[in-house]
Amino acid sequence: VLQAVLHEKLRGLLGEYLAVGGMPEAVARWIESGDLRECIRVHDDLVGAYVQDFSKYARRNQRQHVRTVFEAIPRLLGRKFVYGSVASDVKSRTLRSALDLLSTAQVAHVIRHSSSNGPPLGAEANPGLFKAILLDVALAQRLLGLDAGEWILRPEETIVNRGPVCEAFVGQEILASGTPARRPELFYWARERRGSQAEVDYVMAAGGSVVPVEVKSGATGRLRSLRLFLEAKESSPFGVQISRANFCVEGRIRRFPLYAVSRVVEACAGAIPEERPG
């Protein structure tokens, strides 16, 4: 467990990151000026640049569809990606092609559903069930018209109110744990039974087993889906809750703060002893 003062300091820095994002120019502007308005101008310029770049890797008849999908992804954060929710008057095949182009360009990242009985997770992936995130949480929030300043002024309240953004941030951090040559894939798990639905935000390979990862924007939660996963997959060594709370171990569940996603990756790789995740 981290000292309370250090824990609060790191949560404040996390709030700054969620406002500024990780795009190099935005980060440089924040370091130089400390003026969030300058960073927002960079975000707007970057969004405009991406839209203009669509013409470089999309055919003329695809460009508008690529833009439509690009602008829809932030709206669908944390939810199953359904093409009918993007544009009901456009064929799914057309929108799928647009999403594939964004994924190939690494502007968007797909989180695929996996039955998660064991590695490799992709072997049990269902291509028809997936979620999606953009490359940067700050750009996603800008596309949604959300006030980035809330992360600086009221970080605690903002975390609670922007759960899908926190979930996307965790996916972004998992991707950042890889290398340009070998970027991790993202997977999630869901069970859809009448009267008994459950979903775990991410699943990660850990040796020969699978670790479920649940993202909670609050400090606490019932973690019903996480516990159901652990009951169904008895070989899973532990489950992970990521929230704004401090490090903690509770039975088979390890709790990590949002600013420590890299420690979750290390735990899944066996780099942190089970009894001392913090």
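Refer to the structure above for everything that follows.
Residues numbered from 1 in each chain as written. Predicted model: local features only at pLDDT ≥ 70, side-chain atom pairs only at ≥ 80, totals over all residues. Heavy atoms only, no water.

## Points about the overall build of the protein
Applicable threshold: Think of it this way: any DSSP run of H or I at least four residues long counts as a helix, any run of E at least two long counts as a strand, and we number them from the N terminus. We take the radius of gyration over the C-alpha atoms and set the globule estimate at 2.2 Å times the residue count to the 0.38 power. Partly exposed describes any residue whose relative accessible area lies between the buried limit of under 20% and the exposed limit of over 50%, with all areas from a 1.4 Å probe on protein chains only and scaled to the type maximum. Residue contacts follow a heavy-atom distance rule, with two residues in contact if any of their heavy atoms lie within 4.5 Å. Each accessible area value is a Shrake-Rupley result obtained with a 1.4 Å probe; residue values ignore everything except the protein chains displayed when judging cover. Two residue types count as positive, namely Lys and Arg, and two as negative, namely Asp and Glu; His and chain ends fall outside the count. Just so you know, the charge point we use is NZ for Lys, CZ for Arg, CG for Asp and CD for Glu.
Within the protein, the regular secondary structure consists of 12 helices and nine strands. For the protein, whose C-alpha radius of gyration is 19 Å, the value lies close to the compact-globule estimate of 19 Å for 278 residues. When the backbone C-alpha atoms are referred to their principal axes, the protein occupies close to 55 × 45 × 40 Å. Every one of the 278 residues in the protein was classed for burial, and the buried ones make up 47%. Looking at the protein alone, contacts between residues at least 24 apart form 57% of all its contacts between residues at least 6 apart. In the form shown here, the protein has an accessible surface area of approximately 13,700 Å², with 49% of it arising from carbon and sulfur atoms. Of note, the protein has its 37 positive side-chain charges centred 6 Å away from the centre of its 31 negative side-chain charges.

## A word on the side chain of Ser236
Assignment of secondary structure puts Ser236 in the loop between α11 (224-232) and β7 (239-243). Ser236 gets classed as buried once you look at its relative accessible area, which sits at 4%. Residues contacting Ser236, with those up to four places away along its chain left out, are Ser209, Val210, Pro212, Phe229, Leu230 and Arg252.

## A word on the side chain of Ser225
Heads up, the condition is: Polar contact is defined as a pair of N or O atoms within 3.5 Å, subject to the rule that within protein one atom must be able to donate a hydrogen and the other to accept it, and that residues adjacent in sequence are counted only when both atoms are side-chain atoms.
Along the chain, Ser225 turns up in helix α11. Taking relative accessible area as the criterion, Ser225 reaches 13% and is therefore assigned buried. From its side chain, Ser225 meets the backbone nitrogen of Glu199 in a polar contact 3.1 Å long. When near neighbours in sequence (up to four residues on either side) are disregarded, Ser225 contacts Trp189, Ala198, Glu199 and Val200.

## Quick word on helix α6 (residues 92-104)
We count it as follows: By definition here, a helix of n residues has an expected span of 1.5 Å times n minus one. The arc in question is the one traced by the directions running from the helix axis out to the C-beta atoms.
For α6, with 13 residues, the first-to-last C-alpha span of 18 Å sits near the 18 Å given by 1.5 Å per residue. Within the sequence span of α6, burial applies to Leu95, Ala98, Leu99, Leu101 and Leu102. Seen from one end, α6 has its buried residues packed into an arc of 155°, which puts them on one side. Exposed residues pointing more than 90 degrees away from the buried face of α6 are listed as Arg93 and Thr104. Buried positions along α6 lie against α3 (36-57), α4 (63-72), α5 (83-86), β1 (108-114) and β2 (125-134). Just past α6, the residue Gln106 takes up positive phi, approximately 60°.

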